[in-house]
Amino acid sequence: MTSAVPSVQMLVITKRFPGVLANDHIDFSANAGEIHALLGENGAGKSTLMNILSGLYHPDQGDIHIHGRRVALRSPRDAISLGIGMVHQHFMLVEPHTVAENVTLGLDEPRFLLNSGQIEQKIAALSEKYGLKVDPEARIWQLSVGEQQRVEIIKMLYRNADILILDEPTAVLTPQEARELFATLKRMAAEGHTIIFITHKLDEVMAISDRITVLRKGRVVSTVFTSATSKQELARMMVGREVFFQVTKSPWRGGQAVLRVEAARALSDKGLPALKGVSFAVHEGEILGVAGVAGNGQRELAEAITGLRPLTSGEVYLCDRRITNQNPRQILDQKVSHIPEDRLGMGLIPNLSLSDNLILKGYFAPPLGRGPFLDQKAIDAHCRELISRFEVMAPGPDSSVKLLSGGNLQRLLLAREISCCPRLMVAVHPTRGLDVGATEAVHKMLLEQREEGAAILLISEDLDELLSLSDRVAVLYEGEIMGIVPAQGAQVEEIGLMMAGTKRARPAEVAA
Ligand SMILES: Nc1ncnc2c1ncn2[C@@H]1O[C@H](COP(=O)(O)OP(=O)(O)O)[C@@H](O)[C@H]1O
Ligand SMILES: [Mg+2]
């Protein structure tokens, strides 16, 4: 369904931040009744463009027309009064308040005109109409992330938003919740709303959008009809070159357990139970994927294995040697490598050079160090070799790490962690924030390590990534493993249910 005048028209929008041209003469338009995806890699300028449309940022240049009329958006309030509502990546709800209170918070309409019964009725009607299940009397802190997102959407609908922007809405959802959201969005589009859906996931845009605008480095590459394009073409537009999705890997050859975790318990930073008796094994030449919605114990698990977080009970064995609660240095010395979640905080030191970062873990041992001395020549040769082998794009070993892009940082980190010939690799979100090309390179490196016989624990929120790389997938929910399934032939349905807390009916297969 299209109308003569686009509901949203943004013309030559330009927005500069210190050192970055985030939006570079962008033309964008969307129609009533369509779901329009805004697709692009991290940093492409998607959120900036939509923050401009929702009145949060002001463009340096450009015009905005809403339903054919030129408008000035000085604040989010202006945008809302024009029917533009945005659901941000980080929700803006007040935790101790109820759903109904959050929905009406900050509204101009004199609240005494409506009693709470009427407000709840209106919320119930919206939630019924669009399939947005939520209890108006519940308090925000009692709700799951998926429910909180529904409250944000209802809040916008309550304000009569007919142009709804969602910024990477599925990042926090299970596959089932994502499907429910898609159904809601389709219903809203059918009612004549304009839906703008920001994402970097190709499968999602193919599944839900009518049209797609692809951004790359602050510019529009193209706007296409979804029915007339393909994942392959979209990836090419996003990255600027050909991309191959097929991951080929040989079947698991079998082997000894390298890592065994038994009934591990640990606390979160807040002192609450984060791991509640987790048991599993990872074998030689095997990738065990760990799936789950963020915040269900993934980080604590990786930290407990690498010595960064104490276990309160339970055991960790590396090739049958007990390493429970050893310190990180002791553990890493036994050929354990770690790709942490936070690359620049824990993985690399931004103010040091590439070569200093590359030898951080090996400086004390031959051939790079002898007693108190470093062998500069050996270090230089070692670093040049790694930089070229892992295709780190940098001027040279002496340049500073803080100047590298995300993809190159990750290559550097992997170069260091792989060059110690790990027996066990603990990789946490290794491709998060990377473009499609860098993601492909990281996948290749992980599979090479698998071929070499390393055992890899791969923690990721990307189910497609987990299913294509892993041999088996374990699902973590609130600090417990809901089940472990072979990746080949795994049902996304079943994994999604486990991600939402349903234990697998058959007893979880406990690897020997
Ligand atoms: N508030 C800001 N201040 C400075 N730079 C910003 C700000 N917001 C975004 N940027 C930069 O603008 C570019 C585009 O960012 P963004 O719009 O968030 O991209 P996307 O949403 O596509 O990932 C990035 O280089 C980002 O670092
Ligand atoms: Mg963004």
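Residues numbered from 1 in each chain as written. Chains lettered and ligands numbered in written order. Predicted model: local features only at pLDDT ≥ 70, side-chain atom pairs only at ≥ 80, totals over all residues.

### What to know about unusual backbone geometry
Next up, step 1: A positive phi angle, near 45 degrees, is found at Ala263, a position not held by glycine.
Next up, step 2: Locating Ala263 in the fold gives a position in strand β11 (residues 257-267).
Next up, step 3: Using a count of 13 C-beta atoms within 10 Å as the deciding quantity, one classes Ala263 as partly exposed.
Next up, step 4: One non-glycine residue, Lys335, lies in positive phi territory at about 60 degrees.
Next up, step 5: Residue position: Lys335 is located in the loop between α10 (328-332) and β16 (336-339). (Helix = DSSP H or I, 4+ residues; strand = E, 2+ residues; numbered from the N terminus. Buried ≥ 20, exposed ≤ 12 C-beta atoms within 10 Å, placed from the backbone.)

### Some details on the nonpolar core
Next up, step 1: Core analysis: the largest hydrophobic core is formed by 139 residues, its most contacted members being Leu458 and Val475.
Next up, step 2: Residues contacting Leu458, with those up to four places away along its chain left out, are Ile287, Leu288, Gly289, Val290, Ala427, Leu446, Leu466, Leu469 and Ser470. (Core = buried A, V, L, I, M, F, W, Y, C linked by C-beta atoms within 7 Å. Contact = placed C-beta atoms within 7 Å.)

### Some words on the packing of helix α4 (residues 116-130) against helix α5 (residues 145-158)
Next up, step 1: Interaxial distance between α4 and α5 falls to 10 Å at its minimum, and their mutual angle equals 110 degrees. For the element pair α4 / α5, the angle class is roughly perpendicular. In this structure, α4 crosses over α5, and the sense of that crossing is right-handed. Contacts between α4 and α5 pair Lys122, Ile123, Leu126 and Ser127 from the former with Ile154, Leu157 and Tyr158 from the latter.
Next up, step 2: Of the residues contributing to the contact of α4 with α5, the split by class is five nonpolar, one polar and one charged. (Axes fitted to C-alpha atoms, helices over the stretch in contact; angles between N-to-C directions. Parallel < 35°, antiparallel > 145°, perpendicular 65-115°, else oblique. Left-handed = near helix turned anticlockwise from the far one by under 90°. Nonpolar A, V, L, I, M, F, W, Y, C, P; charged D, E, K, R; others polar.)

### Section: the pairing of strand β21 (residues 472-477)
Consecutive side chains of a regular strand alternate in pointing toward one face of the sheet and then the other.
Next up, step 1: Counting buried positions over the six residues of β21 gives six, a clear majority of the element.
Next up, step 2: Of the two faces of β21, both are covered, the one formed by Arg472, Ala474 and Leu476 as well as the one formed by Val473, Val475 and Tyr477.
Next up, step 3: As paired elements, strand β13 (residues 287-291) and β21 share four bridges and run parallel to each other. Residue pairing in the sheet places Val290 in a bridge with Ala474 of β21.
Next up, step 4: The pairing of β21 with strand β22 (residues 480-486) spans six bridges and is antiparallel. Pairing of Val473 across the sheet is with Val485, part of β22.
Next up, step 5: Between β21 and β22, which pair antiparallel and follow one another directly, the connecting turn spans two residues, one of which, Glu478, has a positive phi of 45 degrees. (Pairing = 2+ DSSP bridges.)

### Some points on the pairing of strand β12 (residues 273-283)
Next up, step 1: Pairing between β11 and β12: eight bridges, direction antiparallel. From the neighbouring strand, Ala257 faces β12, where its bridge partner is His283.
Next up, step 2: In this antiparallel pair of consecutive strands, β11 and β12, the connection spans five residues, and Gly271 shows a positive phi of 85 degrees.

### With respect to the site of ligand 1
Next up, step 1: For ligand 1, the full set of nearby residues is Phe17, Val20, Ala22, Gly40, Asn42, Gly43, Ala44, Gly45, Lys46, Ser47 and Thr48.
Next up, step 2: Those elements that provide at least two residues to the shell around ligand 1 are β2 (20-30) and α1 (46-53).
Next up, step 3: The element that contributes the greatest number of residues to the shell around ligand 1 is α1, accounting for three residues.
Next up, step 4: Taken together, the residues of the shell around ligand 1 break down into four nonpolar, six polar and one charged. (Near = placed C-beta within 6 Å.)

### Let's talk about the packing of helix α14 (residues 406-419) against helix α15 (residues 436-451)
Next up, step 1: In contact at an axis separation of 10 Å, α14 and α15 are set at 10 degrees when each is read in the N-to-C sense. Between α14 and α15, the angle falls in the class roughly parallel. Packed against α14, whose contacting residues are Gly407, Gln410, Arg411, Leu414 and Ile418, the element α15 presents Ala438, Ala441, Val442, Met445 and Gln449 at the interface.
Next up, step 2: Here the contact of α14 with α15 is built from residues that sort into six nonpolar, three polar and one charged.

### Comments concerning the sheet that holds β16
Next up, step 1: Spatial ordering of the open sheet is given by β16-β19-β20-β13-β21-β22, a layout of six strands whose pairing is mixed. Of all strands in the sheet, those bounded by a partner on one side alone are β16 and β22. Adjacent strand axes in the sheet meet at a mean angle of 15 degrees when their direction is disregarded.
Next up, step 2: Two strands pair when backbone bridges link them, and β13 and strand β20 (residues 455-459) are joined in this way by four bridges, in the parallel orientation. Within β20, the position partnered with Val290 by the bridge is Ile459.
Next up, step 3: Across the sheet, α14 lies against β16 and β19 (424-428), angled at about 170 degrees from β16, the strand it touches most.

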